[in-house]
Amino acid sequence: MSTANTSRRMDWILFFVSLVICIAMLIWMNEWFWVALPFVLTYLVKAMDAM
């Protein structure tokens, strides 16, 4: 149970980090923001435990 909570916590952290990177890329390099989208969506699904 402890490893599942740690894993989900790490997934949430990685989701927010990749979301910040995606938003930053959308602001400064808007033609390349799609590169960060798979990370944002993957970690969101993993953090919500839908996978």
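Relevant structure appears above.
Residues numbered from 1 in each chain as written. Predicted model: local features only at pLDDT ≥ 70, side-chain atom pairs only at ≥ 80, totals over all residues. Heavy atoms only, no water.

Student: So what about unusual backbone geometry? Which residues, and what values?
Tutor: Glycine aside, residues mostly have negative phi, and peptide bonds are mostly found in the trans state. For aspartate 49, which is not a glycine, the phi torsion comes out positive at approximately 60 degrees. Relative to the elements of secondary structure, aspartate 49 occurs in the segment after helix H2 (37-47). (Helix = DSSP H or I, 4+ residues; strand = E, 2+ residues; numbered from the N terminus.)

Student: Just give me the short version of a nonpolar patch on the surface, but keep the residues and values in it.
Tutor: Side chains of Ile23, Ile27, Trp28, Met29, Trp32, Trp34 and Val35 sit close together on the surface and give an oily, nonpolar patch of about 820 Å² of accessible area. Following the sequence through the fold, methionine 29 ends up in the loop between helix H1 (2-28) and H2. (Patch = residues over 30% accessible without salt bridge, like charges linked within 9 Å, V, L, I, M, F, W, Y side chains within 5 Å. Areas by Shrake-Rupley, 256 points an atom, 1.4 Å probe, with all protein chains shown as cover. Salt bridge = Lys/Arg side-chain N within 4 Å of Asp/Glu carboxyl O.)

Student: Lay out the packing of aromatic side chains in plain terms, naming residues and giving numbers.
Tutor: Counting across every chain of the model gives four aromatic pairs. Plain terms: the ring middles of tryptophan 12 and phenylalanine 16 are 6.0 Å apart, the flat faces sit at 25 degrees to each other, and that makes the pair stacked. Separated by four residues within a single helix, tryptophan 12 and phenylalanine 16 lie in helix H1, roughly one turn from each other. Note on tryptophan 12: relative accessible area 31%, which makes it partly exposed. Owing to a relative accessible area of 46%, phenylalanine 16 belongs among the partly exposed residues under this scheme. Ring-pair connections join several aromatic residues into one group, and the members of that group are Trp12, Phe15 and Phe16. (Phe/Tyr/Trp six-rings, centres within 6.5 Å; stacked < 30°, edge-to-face > 60°. Buried < 20%, exposed > 50% of the residue type's maximum accessible area, 1.4 Å probe, protein only.)

Student: Can you explain the side chain of serine 18? Please cite residues and give values.
Tutor: The topology assignment puts serine 18 in helix H1. When its relative accessible area of 8% is taken as the criterion, serine 18 is described as buried. A polar contact is formed between the side chain of serine 18 and the backbone oxygen of phenylalanine 15, at a distance of 2.9 Å. (Polar contact = N/O pair within 3.5 Å; in protein donor to acceptor, adjacent residues only side chain to side chain.)

Student: With reference to specific residues and values, describe the nonpolar core.
Tutor: In terms of nonpolar packing, the biggest core is built from five residues, these being Phe15, Cys22, Met25, Ala36 and Val40. Broken down by element, this core gets its largest block of residues, three residues, from H1. Residues contacting methionine 25, with those up to four places away along its chain left out, are Asn30, Trp32, Phe33, Val35 and Ala36. (Core = buried A, V, L, I, M, F, W, Y, C linked by side-chain atoms within 4.5 Å. Contact = heavy atoms within 4.5 Å.)

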